[in-house]
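# Examining the three-dimensional arrangement
Listed below are the residues making up each chain.
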Amino acid sequence: MTDAARKSWVESANAPGCDFPIQNLPYGIFSTEGGPRRCGVAIGDMILDLGACEEHGLIDAQGTFAAAQLNDFIALGRATWAATRARLTELLAEGGDPSLPLVPMAGAALHLPIRVTEYTDFYASRNHAWNTGVLFRGPENALPAQWTHMPIGYNGRASSVVVSGTPIRRPMGQVRGENGPEWTACRRLDLELELGAIVGADSTMGERVGVDAAEEMIFGYVLLNDWSARDIQAWEYQPLGPFQAKALGTTIGAWIVPEAALEPFRSEGAERLNPLLPYLQERRPGFYDLTVGWTMNGQKMGRTNYNVMYYSAAQCLAHHTVSGCPMRVGDLLGSGTISGPALDQTGALMEMTGGGKNPVTVNGEARTFIEDGDEIGLYAFAEGDGYRIGFGPCTGWILPAVE
Ligand code: CA
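My aim in this report is to walk through the structure given alongside it, one point at a time. Model, not experiment: these values are computed from the prediction.

Of the protein atoms, only Asp121 (OD), Glu192 (OE), Glu194 (OE) and Asp226 (OD) coordinate the calcium ion, at distances of 2.2 to 2.3 Å. Sequence spacing among the residues donating to the calcium ion works out to D-x70-E-x1-E-x31-D. One end of the pair, Asp121, is in strand S6 (residues 119–122); the other, Glu194, is in strand S13 (residues 193–199), with 73 residues separating them in the sequence. Overall, the relative accessible area of 1% leaves Asp121 in the buried class.

Moving on, we get to the pairing of S6. Going residue by residue along S6, you find Tyr119 and Asp121 tucked away on one face and Thr120 and Phe122 tucked away on the opposite face as well. Relative to strand S22 (residues 332–334), S6 is paired through three bridges, and the arrangement is parallel. The residue bridging Tyr119 from the neighbouring strand is Leu332, located in S22. As paired strands, S6 and strand S7 (residues 153–155) are joined by three bridges and run antiparallel to one another. Paired with Phe122 across the strands is Gly153, a residue of S7.

The tally for this structure, following the rule as stated, stands at 15 aromatic pairs. Aromatic side chains Tyr379 and Phe381 sit 6.3 Å apart centroid to centroid with 15° between the ring planes, which places their arrangement in the stacked category. Taken individually, Tyr379 and Phe381 each receive the classification buried, so the pair is uniform in this respect. Ring-pair connections join several aromatic residues into one group, and the members of that group are Tyr27, Phe65, Phe73, Trp81 and Phe219. Positioned over the ring face of Tyr310 is Arg272, at 4.5 Å from the centre of the ring. The ring of Phe381 carries the charged tip of Arg388 above its face, separated from the ring centre by 4.0 Å.

This part takes up the pairing of strand S1 (residues 27–31). Here S1 lies mainly inside the structure; five of its five residues are buried. Of the two faces of S1, both are covered, the one formed by Tyr27, Ile29 and Ser31 as well as the one formed by Gly28 and Phe30. Here four bridges tie S1 to strand S2 (residues 38–43), and the two strands are oriented antiparallel to one another. Looking across to S2, one finds that Ile29 is bridged to Cys39. What sits between S1 and S2 in their antiparallel hairpin is a turn of six residues, with Gly34 showing a positive phi close to 80°. The pairing of S1 with strand S5 (residues 109–111) spans three bridges and is classified as antiparallel. Its bridge partner being in S5, Phe30 is matched across the sheet by Leu110.

What follows deals with the nonpolar core. One finds Tyr221, Leu290, Trp294, Tyr306, Ile370 and Phe391 to be the most contacted residues of the largest nonpolar core, which totals 67 residues. Tallying contributions element by element places helix H8 (residues 313–320) first for this core, with five residues. Those residues in contact with Leu290 that lie beyond four places of it in its chain are Leu195, Leu262, Thr304, Asn305, Tyr306, Ala380, Phe381, Ala382 and Phe391. Core analysis: the second largest hydrophobic core is formed by 51 residues, Ile47, Leu48, Tyr119 and Val329 among them.

Before going further, it helps to spend a moment on helix H3 (residues 78–92). The periodicity of an α-helix, 3.6 residues per turn, causes residues three or four positions apart to be oriented the same way. A rise of 1.5 Å per residue sets the reference length of H3, with its 15 residues, at 21 Å; its end C-alpha atoms lie 21 Å apart and thus fit the reference within 8%. Where H3 is concerned, the buried positions are Thr80, Trp81, Thr84, Arg85, Leu88, Thr89, Leu91 and Leu92. The buried residues of H3 all sit within an arc of 165° when viewed along its axis, so they share a single face. Exposed residues pointing more than 90 degrees away from the buried face of H3 are listed as Ala79 and Glu90.

Now for the pattern of salt bridges. Per the stated rule, a full pass over the model turns up 19 salt bridges. For Arg187, the salt bridge is made with Glu182, and the minimal N-O distance between the two is 2.5 Å. Classification of Arg187 as partly exposed rests on a relative accessible area of 48%. A relative accessible area of 30% means that Glu182 is categorised as partly exposed. The salt bridge involving Arg284 is made with Glu215; its shortest N-O contact spans 2.4 Å. Residue Arg284 is located in the loop between strand S18 (266–267) and strand S19 (287–288), and its partner Glu215 is located in helix H5 (residues 211–216); the two are separated by 69 residues in the primary sequence. Owing to a relative accessible area of 32%, Arg284 belongs among the partly exposed residues under this scheme. By relative accessible area, Glu215 is classed as buried at 14%.

Moving on, we come to the side chain of Ser339. The topology assignment puts Ser339 in the loop between S22 and helix H9 (349–352). When its relative accessible area of 0% is taken as the criterion, Ser339 is described as buried. Here the side chain of Ser339 touches Gly347 through a polar contact of 3.0 Å, landing on its backbone nitrogen. Those residues in contact with Ser339 that lie beyond four places of it in its chain are Ser125, Asn127, His128, Thr304, Val308, Gln345, Thr346, Gly347 and Glu351.

Here helix H4 (residues 126–137) is 12 residues long and its end C-alpha atoms lie 15 Å apart, about the 16 Å a rise of 1.5 Å per residue gives. Three or more residues of H4 are buried, namely Asn127, His128, Ala129, Thr132 and Gly133. Looking at where H4 begins, the residue whose side-chain oxygen comes 3.4 Å from the main-chain nitrogen of Asn127 is Ser125. One or two steps after H4, the chain reaches Gly138, where phi turns positive at roughly 90°.

On to the sheet that holds S1, then. Read across the open sheet, the five strands follow the order S4-S3-S2-S1-S5; overall the sheet is antiparallel. A strand with exactly one partner marks an edge of an open sheet, and here the two such strands are strand S4 (102–104) and S5. The average angle at which neighbouring strand axes cross in this sheet is 50°, direction not considered.

The rules behind the values
Residues numbered from 1 in each chain as written. Predicted model: local features only at pLDDT ≥ 70, side-chain atom pairs only at ≥ 80, totals over all residues. Heavy atoms only, no water. Donors = N, O, S within 2.8 Å, 3.2 Å for Na, K, Ca; no water. Helix = DSSP H or I, 4+ residues; strand = E, 2+ residues; numbered from the N terminus. Buried < 20%, exposed > 50% of the residue type's maximum accessible area, 1.4 Å probe, protein only. Pairing = 2+ DSSP bridges. Phe/Tyr/Trp six-rings, centres within 6.5 Å; stacked < 30°, edge-to-face > 60°. Lys NZ or Arg CZ within 6 Å of the ring centre and 35° of its normal. Core = buried A, V, L, I, M, F, W, Y, C linked by side-chain atoms within 4.5 Å. Contact = heavy atoms within 4.5 Å. Expected span 1.5 Å × (residues − 1). Arc of directions from axis to C-beta. Salt bridge = Lys/Arg side-chain N within 4 Å of Asp/Glu carboxyl O. Polar contact = N/O pair within 3.5 Å; in protein donor to acceptor, adjacent residues only side chain to side chain. Axes fitted to C-alpha atoms, helices over the stretch in contact; angles between N-to-C directions.

Rendered as structure tokens:
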């Protein structure tokens, strides 16, 4: 249970608006100059060196905290996640041990927190599905017939997932030209504001995971930007879905916010348009009251709430296994673009600009899609009673295409 009043002896963690109070304790991978990568937890403006904690016998995670990725720790299972969280809370709470190995976050490099085993991206916001459906296929065919009955997704590339702060290269590709295909640098480069769920347990081949069991398998969440080449997408996506349009890179935040930190913010999602089949019905709401938004070159752009989503991560995970498809620790499940109903609540430029027809002003400059050098940042936070659960930054900027 979260104690909203608890404070840390790490003073910066108690500052109002701090992303990383003692109620959060997100996990990441860091290194300092010349040192190896190892596991850490964010507290205020510091990182607690979990590798060193384990070496000194302050915490026991079966040696997994010395690893350069969190997969081995996550694979220890829910009981270990809970025990570790309780121990970290004890160590970092007021009255805890001030000699713990802390590293200033400002002087540390942050790395991909997990070895991404596989990456699947869903399409779970009705507003986004509707808006993009109208732009790609017109209002009559905007929402496919199956959309309100099951989460739609595609299998992405784990190899293209990078950590916040990594530049992204504008892709070259085929687009629809006046007289057949045209070879060009992408002209309609976009972001997608998403939340990624990190799968924390394996399932076996042939096993169907129920939606309640699926919820138990989720270790935590990261911010996720699914960079999208809309012109390449429009030419290639039917009938098998996006391919090269989504392979240029996917950026995730460096900090995995544990599901336990989000538990007090559990929320209903979007209103159901029809009853779901029993295998997708949740016992309790699988969404969170979590403000999410994005910035472009530092200017605030779209902002909405994760609870506008139609399918939760647990529903996506359960559906992912209906065929018997096995899930593995370190699988990353993207939520799909999180968009509210209004234009200033959209999580992609394609929606915000009506497919590039209505430019938006960013620091005095007109934009329809992303230009070379533009920086996109995502943010998310939940507001508790006197504390806030933040996700830290998820940024990336665009390098010119190599023609
Ligand atoms: Ca997406």
